[in-house]
Amino acid sequence: MEDQTRLEQASPVVQKRIRDSFDLQGLMSHLGARLAHIGPDRVHIVLPARPEVTQQHGFVHAGATSAIADSAGGYAALTLFEEDSEVLTVEYKINLLAPAVGDHLEAIGTVLKPGGTLTVCQLEVRGVQPDGARKLVANGQQTLIRVPRRAE
């Protein structure tokens, strides 16, 4: 299991901006997802396995798996930009590699190539068992566009 205590943390200002934005996401709240790590160019999102996010076979639904992956990548990119910027997903591809099972899922978004307009991120989702055992259940790639922050 990856030791999150050794992961580099984003500055307190960046962490607050990411948390404030995440708290505005109705879907993440609805799914029960939470931020687990915010670092420069890397964000982890945890989704507890609950009946409300499963499909008919009891696995976490691909839609929920994909949603946390998409958000993890978007926030990873946002950690690199100034306060006056936002990001939107242009496209993403996800490969579902194994049934999404475990105590919870952890999505990790990592910036592969930052850019002034387009940024590319790697997406990984792991199923995490109560004993800490982790299995890769999905991976993908995402392209995001940097846009000016909208006036509130």
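Just so we're clear, the structure is a prediction, and the values are computed from it rather than from any experiment.

Enquirer: How do you make sense of the overall build of the protein chain when you look at a structure like this?
Expert: Secondary structure summary: the protein chain contains three helices and six strands in total. Counting from the amino terminus, the protein chain carries its helices and strands in the arrangement α-α-β-β-α-β-β-β-β. The C-alpha atoms of the protein chain give a radius of gyration of 15 Å, which matches the 15 Å a tight globule of 152 residues would have. A principal-axis box enclosing the C-alpha atoms of the protein chain has dimensions of 45 × 30 × 30 Å. Taken across its 152 residues, the protein chain has 43% of its residues classed as buried. Across the protein chain, every contact between residues at least 6 apart in sequence was considered, and the portion connecting residues at least 24 apart equals 65%. Averaging the coordinates of the 15 positive side-chain charges in the protein chain and doing the same for the 18 negative ones gives two points 2 Å apart.

Enquirer: In this structure, what is going on with the environment of Phe22? I would like to understand it.
Expert: Its location among the elements puts Phe22 in helix H1 (residues 12-23). Judged by relative accessible area, which is 6%, Phe22 ranks as buried. Separated by 12 residues in sequence, Phe22 and Arg34 have C-alpha atoms that sit 8.4 Å apart. With near-sequence residues (within four places) excluded, Phe22 lies in contact with Met28, Ala33, Arg34, Leu35, Ile45 and Tyr75.

Enquirer: Is there a simple way to think about the sheet that holds strand E3 (residues 85-96) in this case?
Expert: On the basis of which strands lie adjacent, the open sheet formed by six strands has the order E1-E2-E4-E5-E6-E3 and antiparallel pairing. In this open sheet, the two strands that pair with only one neighbour each are strand E1 (34-39) and E3. Sheet twist, expressed as the average angle between the axes of neighbouring strands with direction ignored, equals 20°. Strand direction decides the pairing type here: strand E4 (residues 104-113) and strand E5 (residues 118-128), joined by nine bridges, are antiparallel. Looking at the pairing, Ala107 lines up with Val125 of E5. Most of the contacts of H1 go to E1, to which it runs at about 155°, and overall it touches E1, strand E2 (42-48) and E3.

Enquirer: Could you clarify how one ought to interpret the environment of Thr54 in this entry?
Expert: As for its placement among the helices and strands, Thr54 is situated in the loop between E2 and helix H3 (62-78). The class of Thr54 is partly exposed, set by a relative accessible area of 27%. As for Thr54 and Tyr92, which are separated by 38 residues in sequence, their C-alpha atoms are 22 Å apart. Here the side chain of Thr54 touches Pro51 through a polar contact of 2.8 Å, landing on its backbone oxygen.

Enquirer: Would you mind showing me how to read the nonpolar core here?
Expert: Considering soluble globular proteins, one finds that nonpolar side chains tend to be buried as a cluster. Within the largest apolar cluster, 37 residues are counted, with the highest numbers of intra-cluster contacts made by Ile45, Leu47, Ile68, Leu105 and Val125. In this structure, Leu105 is in contact with Ile45, Val46, Leu47, Val60, Thr65, Ile68, Ala100, Val125, Arg126, Gly127 and Val137, ignoring residues within four places of it in sequence.

Enquirer: Explanation requested: the pairing of E4 in the structure shown.
Expert: Consecutive side chains along a regular strand alternate between the two faces of the sheet. Burial analysis of E4 places eight of its 10 residues in the buried class, the great majority of the element. Judged from the seven bridges that link them, E2 and E4 form a sheet pairing that is antiparallel. Across the sheet, the residue bridging to Arg42 is Thr110, located in E4. Taken together, E4 and the strand that follows it, E5, pair antiparallel across an intervening segment of four residues.

Enquirer: What is the right way to read the pairing of E2 from this model?
Expert: Where burial is concerned, most of E2 is hidden: five out of the seven residues are buried. Pairing analysis gives five bridges linking E1 to E2, with the strands arranged antiparallel. Along E2, the bridge assignment pairs Ile38 with Val43. Between E1 and E2, which pair antiparallel one after the other, the connecting turn spans two residues, and Asp41 there sits at a positive phi close to 70°.

Procedures and definitions
- Residues numbered from 1 in each chain as written.
- Predicted model: local features only at pLDDT ≥ 70, side-chain atom pairs only at ≥ 80, totals over all residues.
- Heavy atoms only, no water.
- Helix = DSSP H or I, 4+ residues; strand = E, 2+ residues; numbered from the N terminus.
- Rg over C-alpha atoms; globule rule 2.2 N^0.38 Å.
- Buried < 20%, exposed > 50% of the residue type's maximum accessible area, 1.4 Å probe, protein only.
- Contact = heavy atoms within 4.5 Å.
- Lys, Arg positive; Asp, Glu negative; His and termini not counted.
- Charge placed at Lys NZ, Arg CZ, Asp CG, Glu CD.
- Pairing = 2+ DSSP bridges.
- Axes fitted to C-alpha atoms, helices over the stretch in contact; angles between N-to-C directions.
- Polar contact = N/O pair within 3.5 Å; in protein donor to acceptor, adjacent residues only side chain to side chain.
- Core = buried A, V, L, I, M, F, W, Y, C linked by side-chain atoms within 4.5 Å.

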